[in-house]
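Tertiary structure, described
This is what each chain is made of:
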Amino acid sequence: MLGTKRYQHVIETPEPGEWELSGYEAAVPITEKSNPLTRNLDKADAEKIVQLLGQCDAEIFQEEGQIMPTYQRLYSESVLTTMLQVAGKVQEVLKEPDGGLVVLSGGGTSGRMAFLMSVSFNQLMRGLGQKPLYTYLIAGGDRSVVASRERTEDSALHGIEELKKVAAGKKRVIVIGISVGLSAPFVAGQMDYCMDNPAVFLPVLVGFNPVSMARNDPIEDWRSTFRQVAERMQKMQEKEEAFVLNPAIGPEGLSGSSRMKGGSATKILLETLLLAAHKTVDQGVASSQRCLLEILRTFERAHQVTYSQSSKIATLMKQVSTSLEKKGRVHLVGWQTLGIIAIMDGVECIHTFGADFRDVRGFLIGDHNDMFNEKAELTDQGPQFTFSQDDFLTSILPSLTEIDTVVFIFTLDDNLAEVQALVEQVRKKSPNVQALVHSTVGQSLQAPLKKLFPSIISITWPLLFFEYEGSYVQKFQRELSTKWVLNTVSTGAHVLLGKILQNHMLDLRIANSKLFWRALAMLQRFSGQSKARCIESLLQAIHFPQSLSDDVRAAPISRHVQVAHEKEKVIPTALLSLLLRCAPAEAKARLAAAPSVCEVVRSALSGPGQKRSTRALGDPKDCGAVN
């Protein structure tokens, strides 16, 4: 280990990177910056993509620079101290559970993480014979867990109303609001409401930007900006009436894709904090920094164990990319909570890459009756809300073709006879079956099942001799490892398909206000033109073929998002219009004739008189932060 590190690490974390220099994309929030490690991601092959994204994930565990500590990090004293303070508050609720509640809340990926963690900790409490004390809130309700409904996170009032419902009649409620880029109105409203009602509520904000980089645009249905809410929380933290947990983890490997490092760091930070609270409350002692560090190191070990399988991960990536290129489907079939990770990965491809909901889909094998707040919301809602074992058997299996890929994700503690029966059914339809299998040292996959898979990513975990709560460490490791593999595979597959320009998602769907601001930032970055000109071009692409009137220009962002959400290739159309100085109709025609979006944009960028711009943007609010 390098001598400048304060703590002993399981993995070799990168030294402070170029993105930490004060002049690097200075006005852009960390969660929206482009990561220097992956600036040539679009030119990488599968093996290189796995290596680069693994390096980006390792930045989560990086310590702050000793010579020039620009940002606080996960291992910073200030962050560890706040984690212990919050763990202490959780312990107070655990000791006096009557009238107590812990709410995990967020939109999009953050809301799905809230769902996963509330399921896990309620399961832990039931196993101890205790009454479950956790619940989750996700913008748009339970349907947002299994389908892409990112626009619902733009309402602060929606967040407050949902919080009031679950907290009715409670005496002490800890609300952990997750917003990776410190930007989601759904969370901002909840945090403000908690601060207005301190006798009952304790707000805890989790994100990965400094408060000075929180979104400062007006929220359409609220009185404060997100930054103002976070600044108010910082003041109240002095009296322990609110807490902000916001270590820097570095830019995403794919710019702004908070489903990746943002989602993983949310899981690492909160599961460490909450597990420490549970482990020590039964012993009648407060959580210690040593306890936090022990758990954090197990997550570092998960990184080491996962990326030791890089070549197999690259093989799966190429298979998934091939299926998608041939217009086939990719189905991720996971047992127990690994199925939740699979569902998350599939759903997030929709707005991230402009994918169809059928392109990459996750399914959960196992009982999920106790998981959801309102399971009725998911019944008979249409094909995009299907996710169960029955759904896979009735709506997917009969229509599988030989160009489809099915990935089976399970542990050797699951019902392997059930796994084998399902694999055999799938193999009759498609030869493209792959496996991601978790085992513990001493376990091995039996030959009859093993021979069904042409390729297996086999991840073996060391034996952990922990007490009951500690046994959840391995469950959390396996979930995080699965998330890293699936995120890397689905991202890399779309890189190989030509969907990425440098390390930017050029063809994302503008599904909410944060993605509107990100689209604008990309137009400025690649065209080098003024903010006003880029806004005009973006609005023309959104509202085409309607011409822009002054009323349309003056409409709130939510109106533009509502229209853009239903349209494809909005950002590429706007960018080509800027680069070629042409009308949206001509830009659309060029896109329709090109083999890939990025190819036609690269051609325009390298044309006469064009100069690719990656300059820092002029105004922080030009670049909305991520959920």
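Reading the values: rules and limits
- Residues numbered from 1 in each chain as written.
- Predicted model: local features only at pLDDT ≥ 70, side-chain atom pairs only at ≥ 80, totals over all residues.
- Heavy atoms only, no water.
- Helix = DSSP H or I, 4+ residues; strand = E, 2+ residues; numbered from the N terminus.
- Buried < 20%, exposed > 50% of the residue type's maximum accessible area, 1.4 Å probe, protein only.
- Areas by Shrake-Rupley, 256 points an atom, 1.4 Å probe, with all protein chains shown as cover.
- Pairing = 2+ DSSP bridges.
- Axes fitted to C-alpha atoms, helices over the stretch in contact; angles between N-to-C directions.
- Contact = heavy atoms within 4.5 Å.
- Salt bridge = Lys/Arg side-chain N within 4 Å of Asp/Glu carboxyl O.
- Polar contact = N/O pair within 3.5 Å; in protein donor to acceptor, adjacent residues only side chain to side chain.
- Expected span 1.5 Å × (residues − 1).
- Arc of directions from axis to C-beta.
- Parallel < 35°, antiparallel > 145°, perpendicular 65-115°, else oblique.
- Left-handed = near helix turned anticlockwise from the far one by under 90°.
- Phe/Tyr/Trp six-rings, centres within 6.5 Å; stacked < 30°, edge-to-face > 60°.
- pLDDT = per-residue confidence, 0-100.

1. Concerning the overall build of the chain
Regarding its fold elements, the chain presents 22 helices and twelve strands. Expressed as a percentage of its 627 residues, the buried residues of the chain come to 63%. With an accessible surface of roughly 22500 Å², the chain has 50% of that area assigned to carbon and sulfur atoms.

2. Details of the sheet that holds strand β4 (residues 201-206)
Read across the sheet, five strands follow the order β2-β1-β3-β4-β5 without closing on themselves; strand pairing throughout is parallel. Whereas interior strands pair on both sides, the edge strands pair on one side only; in this sheet they are β2 (134-138) and β5 (243-245). Strand-to-strand twist of the sheet, defined as the mean angle between neighbouring strand axes without regard to direction, takes the value 20°. Across the sheet, helix α2 (residues 77-95) is in contact with β1 (100-106), β2, β3 (172-178), β4 and β5; its angle to β5 comes to roughly 130°.

3. Observations regarding the pattern of salt bridges
This model, assessed by the stated rule, comprises 26 salt bridges. Residue Asp345 pairs with Arg259 through a salt bridge whose shortest N-O separation is 3.1 Å. With Asp345 in helix α11 (residues 337-353) and Arg259 in the loop between β5 and α8 (261-281), the pair connects residues that are 86 residues apart, well separated along the chain. Side by side, Asp345 and Arg259 carry an identical accessibility label, which is buried.

4. A look at the side chain of Thr440
With respect to the helices, strands and loops of the structure, Thr440 is situated in strand β9 (residues 433-440). Residue contacts for Thr440: discarding those within four places in its chain leaves Thr460, Trp461, Pro462, Leu463, Gln474 and Arg478.

5. Observations regarding helix α20 (residues 570-580)
The periodicity of an α-helix, 3.6 residues per turn, causes residues three or four positions apart to be oriented the same way. Where burial is concerned, most of α20 is hidden: ten out of the eleven residues are buried. Within the span of α20, buried status applies to Val570, Ile571, Pro572, Thr573, Ala574, Leu575, Leu576, Ser577, Leu578 and Leu579. Where α20 is buried, its residues contact α16 (513-527), α17 (531-543), α19 (557-564), α21 (584-593) and α22 (597-605).

6. Structural notes on the environment of Asn432
As for its placement among the helices and strands, Asn432 is situated in the loop between α13 (416-427) and β9. Excluding residues within four positions of it along the chain, Asn432 makes contact with Gln319, Glu402, Ile403, Asp404, Thr405 and Val406. Of note is the side chain of Asn432, whose polar atom sits 2.8 Å from the backbone oxygen of Glu402.

7. Concerning the environment of His494
Residue placement: His494 occurs in helix α15 (residues 472-496). Residues His494 and Phe353, 141 residues apart in the sequence, show an inter-C-alpha distance of 7.4 Å. Apart from the residues lying within four places of it in its own chain, the contact partners of His494 are Leu324, Cys349, Phe353, Ala355, Lys499 and Ile500.

8. Digging into the environment of Phe299
Along the chain, Phe299 falls in helix α9 (residues 289-307). Linking Phe299 and Val473, residues 174 residues apart in sequence, is a C-alpha distance of 8.5 Å. Beyond its immediate stretch of four places on either side in the chain, Phe299 contacts Phe61, Ile268, Glu271, Thr272, Phe476, Gln477, Leu480 and Trp484.

9. Here we look at α13
Its twelve residues place the ends of α13 16 Å apart at the C-alpha level, agreeing with the 16 Å of an ideal helix rising 1.5 Å per residue. Every buried residue belonging to α13 is among Val419, Leu422, Val423 and Val426, and all of these are buried. For α13, the angular spread of buried residues about the axis comes to 100°, placing them on one side. Turning to α13, the residues buried within the fold contact β6 (330-335), β7 (360-365), α12 (389-396), β8 (405-411), β9 and α14 (447-450). Measuring from the side-chain oxygen of the N-cap residue of α13 to the backbone nitrogen of Ala417 gives 3.2 Å; that N-cap residue is Asn415.

10. Observations concerning the packing of helix α1 (residues 46-58) against helix α10 (residues 310-325)
At a minimum axis separation of 8 Å, α1 and α10 run at an interaxial angle of 120°. Accordingly, the angle class assigned to the pair α1 and α10 is oblique. Of the two possible hands of crossing, α1 and α10 adopt the one that is right-handed. Each of Ala46, Glu47, Ile49 and Val50 in α1 lies in contact with α10, whose residues at this interface are Ser310, Ile313, Ala314, Met317 and Lys318.

11. Considering the packing of aromatic side chains
Pairs of aromatic rings are described using the distance from one ring centre to the other and the angle between the two planes. Tallied over the full model, the rule gives twelve aromatic pairs. Where Phe121 meets Phe476, the ring centres are 5.5 Å apart and the plane angle is 45°; that geometry is what we call tilted. Here Phe121, found in helix α3 (residues 109-127), pairs with Phe476, found in helix α15; they are 355 residues apart in sequence, far enough to count as distant. Each member of the pair, Phe121 together with Phe476, is buried. Taken together, the ring pairs connect Phe121, Tyr134, Tyr472 and Phe476 into an aromatic cluster.

12. Examining the sheet that holds strand β10 (residues 455-461)
The strand order across the open sheet formed by five strands is β7-β6-β8-β9-β10, and the pairing between neighbours is parallel. If you trace the sheet from one side to the other, it starts and ends with β7 and β10, each paired once. Ignoring strand direction, the axes of neighbouring strands in this sheet form an average angle of 15°. Across six bridges, β6 lies against β7 in parallel orientation. Paired with Val333 across the two strands is Phe363, which belongs to β7.

13. Let's talk about the confidence of the model for the chain
Summing up the model confidence of the chain, the mean pLDDT is 86 and the portion of residues at 70 or higher is 88%. This stretch, residues 612-627, has a pLDDT under 50; its non-local contacts, to residues over four places away or in other chains, come to 72 contacts.

14. Describing the packing of α10 against α15
For the pair α10 and α15, the least separation of the axes is 8 Å and the interaxial angle reads 50°. Considering their axes alone, α10 and α15 lie oblique with respect to each other. Helix-helix and strand crossings are classified by hand; for α10 and α15 the assignment is right-handed. Facing α10, whose interface residues are Ile313, Leu316, Met317, Lys318, Val320, Ser321 and Leu324, α15 presents Val485, Thr488, Val489, Gly492, Ala493, His494 and Leu496.

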